[in-house]
Amino acid sequence: MNRQRCRIVIIGGGFAGASLAIQLVRRAPGALEIMIVEPRSEVGRGLAYSTKDPDHRLNAPAFAHSLLPEDFLHFSRWAEDRDLLARDPDALHADGGVYFRRYDFGTYLVETLAEHSTVGATGSQITHLRDLAVSVGFENGFAFVRTQSGQEFVADRVVIATGNPSLRLPKSIIRPWPEHAGLIENPFEPGRLKTLAPAAEILVVGAGLTALDAMSTLLAQGHRGTITAVSRHGLTPRGQGPIPPALRHGATPQLPGQMFHARLTGAIPAFLDSANGVPPKALAWLRALRRQIAEATAGGGAWQQPFDSLRDSLWRLWPSLPLSEQRRVLRHLRKMYDVHRFRTPPQSEATAAAAGARGQVRYATGTVVELRDAGRRLSVAIRRPGGATAPGLIVDAVVNASGLDTAAGIATNPVLRALCEAGHVQIDAHNLGLSIDDEGRAIDVDGKSSNWLRIIGPPTLGSFGDPIGAFFVAAQIHRFIPSILAGLTGA
Ligand SMILES: Cc1cc2nc3c(=O)[nH]c(=O)nc-3n(C[C@H](O)[C@H](O)[C@H](O)COP(=O)(O)OP(=O)(O)OC[C@H]3O[C@@H](n4cnc5c(N)ncnc54)[C@H](O)[C@@H]3O)c2cc1C
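Note that this is a predicted model, so its numbers are computed, not measured.

## Concerning helix α8 (residues 304–320)
Line of reasoning, step 1. The first and last C-alpha atoms of α8 sit 23 Å apart over 17 residues, in line with the 24 Å expected at 1.5 Å per residue.
Line of reasoning, step 2. Leu-314 marks the point of greatest bend in α8, at about 70°.
Line of reasoning, step 3. Looking at α8, one finds that the buried residues are Pro-306, Phe-307, Ser-309, Leu-310, Arg-311, Asp-312, Ser-313, Leu-314, Trp-315 and Leu-317.
Line of reasoning, step 4. In this structure, the buried residues of α8 make contact with α6 (259–265), α7 (282–298), α9 (323–341), α13 (461–464) and α14 (470–485).

Following this line, the structure appears as structure tokens:
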């Protein structure tokens, strides 16, 4: 084999794949050949930032979104250079936060990747192979990647960045057979929600941010029928906290670009530190957090401040919890964590609240167990919190917004399935994703870390607690880069 440069193949070209490629070429001392295998036409958008719906906005202000963790205003400057706010004035909310459209953030990702595709100083190159990876192997000291179109590439490192799976109705729900036109399994499929009649009575399965996206789309297209969002716990995402004055739109202070990254890599907050006698137990953390929130709010602060301290340290705190305690968190606290963690863009929140006030949007608690064909309509059986199943709620359409099932995504993704079958990876202890070590190396079925195979982003959920939000994925990549580059000759 005669290769001048070390080759890194990244499987998946969403936010994680793009951020990794960009951070690699910026930090590698030598030339790298980076190939991103991604079936979509553009690299960077992935599932989250492909949506063209103008009402699908970032769920946090622009300053919380950057490809580069060491420069949290990178996206804000990109937007300013292009005068994005003038074209999207609704992005600016009264709280001083700017919540741009997800599609525009996707354009930032695509353009920034293009700018880094040939870096003069080190001669690194990023290429996009528009294909689907179907298997990855390791032979004679080299990794290789095979694609659906039959191509094969040798690599020094392979990084799995396959992200979130497409939305699918949970397997636990008995579905109508044959398929029913009123069942919309993936509301992000372009134009799918447009097929619904404006007066249709709709049941949304789930009440999180995806449900809010679906409601925003429906209401913006003039939907008049009722929309009921049903969820197991009846919880809905909370709103954003107050934006600190220095971060509000138009504020002039020069803030250090490292500010947020320093928070993510700084000390564990004192109120959760075992050195202060807080044991690594779910209940102890919950109590400590509640005390901290009570103190903060009594002093005029917001609950978001202590909560965010927990969130920012979770990648370090989570592995310190014994397995049994991790299970306890997932069983009893995850839902509460998620609704406080994944907050609503205020614009979508206001639209849904207005529709709620006029009785058009409603929320219900229960678990959808079965969908049956009822002629042109659908009959929905819902198990109520007490355990009794209420049969026969009749609606015109059911929209699935039940969250992202990473484990189911592994079974349906050919490359992940092949890696599992070959024993190169193991499913984590919680069946949430794939096991990795502290530096992002995949752990194989024998418990050994694989230097040639790395995993980043949402598939590492079970190992690191919360590698989901864009900035957190970028920060995770930042931590893993020294190890990815170590031992690569020329890099
Ligand atoms: C709807 C939605 C909205 C979100 N909004 C926000 C937000 O506003 N702010 C925020 O911080 N976070 C948000 N997130 C979190 C989001 O997970 C991260 O921001 C980020 O997009 C994760 O990036 P990723 O590249 O890991 O995953 P993805 O974006 O899912 O990209 C993975 C890519 O891998 C490709 N792929 C999969 N399998 C293969 C294969 N076998 N071969 C080749 N390619 C493959 C897919 O085509 C896909 O493009 C949102 C998530 C979702 C789902």
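Here the narrative resumes, following the displayed structure.
## A word on the nonpolar core
Line of reasoning, step 1. With 78 residues, the main nonpolar core has Ile-10, Ile-11, Ala-21 and Ile-34 as its most contacted residues.
Line of reasoning, step 2. When residues of this core are assigned to their parent elements, the largest contribution, 9 residues, is made by α14.
Line of reasoning, step 3. Other than its neighbours up to four places away in sequence, Ile-11 contacts Val-37, Ala-133, Val-145, Val-158, Val-159, Ile-160, Ala-161, Thr-162 and Val-415.
Line of reasoning, step 4. Residues Ala-211, Val-230, Val-399 and Ala-401 belong to the second largest nonpolar core, which totals 29 residues.

## Quick look at the sheet that holds strand β13 (residues 367–374)
Adjacent strands of a sheet pair through backbone hydrogen bonds, lying either parallel or antiparallel.
Line of reasoning, step 1. Spatially, β13-β14-β15 is the arrangement adopted by the 3 strands of the open sheet, whose pairing is antiparallel. Each edge of the open sheet is held by one strand with a lone partner, namely β13 and β15 (389–395). Averaged over all pairs of adjacent strands, the angle between strand axes in this sheet comes to 25°, irrespective of strand direction.
Line of reasoning, step 2. In this sheet, strand β14 (residues 377–383) lies alongside β13 in antiparallel orientation, the contact comprising 7 bridges. When the bridges of β14 are listed, Thr-367 appears paired with Arg-383.

## Brief notes about the site of the ligand
Line of reasoning, step 1. Near the ligand, the surroundings consist of 37 residues, among which Gly-12, Gly-14, Gly-46, Gly-163 and Gly-457 are the closest.
Line of reasoning, step 2. When residues of the shell around the ligand are traced back to their parent elements, those giving at least two are α1 (15–27), α12 (414–422) and α14.
Line of reasoning, step 3. The residue inventory of the shell around the ligand, partitioned by class, reads 20 nonpolar, 14 polar and 3 charged.

## Some remarks on the environment of Val-37
Line of reasoning, step 1. Within the secondary structure layout, Val-37 lies in strand β2 (residues 32–37).
Line of reasoning, step 2. Taking the C-alpha atoms as reference points, Val-37 and Ala-133, 96 residues apart in sequence, are found 6.7 Å from one another.
Line of reasoning, step 3. Beyond its immediate stretch of four places on either side in the chain, Val-37 contacts Val-9, Ile-11, Leu-129, Asp-131, Ala-133, Val-145 and Thr-147.

## Things to note about unusual backbone geometry
Most of the time, phi is negative for any residue but glycine, and the peptide bond is trans.
Line of reasoning, step 1. Note the cis peptide between Trp-177 and Pro-178, where omega equals 0°.
Line of reasoning, step 2. Mapped onto the fold, Pro-178 is located in the loop between β8 (157–160) and β9 (183–184).
Line of reasoning, step 3. For Asn-140, which is not glycine, the phi dihedral falls at a positive 45°.
Line of reasoning, step 4. The backbone of Asn-431 sits at a positive phi, close to 60°, despite the residue not being glycine.
Line of reasoning, step 5. Considering the arrangement of structural elements, one finds Asn-431 in the loop between α12 and β17 (441–443).
Line of reasoning, step 6. Judged by local crowding, Asn-431 falls into the exposed class, with 12 C-beta atoms found within 10 Å.

## Observations regarding the environment of Ile-10
Line of reasoning, step 1. In this structure, Ile-10 sits in strand β1 (residues 6–11).
Line of reasoning, step 2. Judged by local crowding, Ile-10 falls into the buried class, with 31 C-beta atoms found within 10 Å.
Line of reasoning, step 3. Note: C-alpha distance between Ile-10 and Ala-21 (11 residues apart in sequence) is 8.0 Å.
Line of reasoning, step 4. Apart from the residues lying within four places of it in its own chain, the contact partners of Ile-10 are Gly-17, Leu-20, Ala-21, Ile-34, Ile-36, Val-159 and Ala-161.

## A closer look at the domain arrangement of the protein
Line of reasoning, step 1. Splitting the protein by domain gives domain 1 (6–165 + 406–485), domain 2 (183–237 + 344–400) and domain 3 (253–341).
Line of reasoning, step 2. Just the C-alpha atoms count here: the centres of domain 2 and domain 3 sit 32 Å apart.

About the thresholds
Residues numbered from 1 in each chain as written. Predicted model: local features only at pLDDT ≥ 70, side-chain atom pairs only at ≥ 80, totals over all residues. Helix = DSSP H or I, 4+ residues; strand = E, 2+ residues; numbered from the N terminus. Expected span 1.5 Å × (residues − 1). Bend = angle between axes of the 7 residues up to and from the residue. Buried ≥ 20, exposed ≤ 12 C-beta atoms within 10 Å, placed from the backbone. Contact = placed C-beta atoms within 7 Å. Core = buried A, V, L, I, M, F, W, Y, C linked by C-beta atoms within 7 Å. Pairing = 2+ DSSP bridges. Axes fitted to C-alpha atoms, helices over the stretch in contact; angles between N-to-C directions. Near = placed C-beta within 6 Å. Nonpolar A, V, L, I, M, F, W, Y, C, P; charged D, E, K, R; others polar. Domains from an automatic or database assignment.

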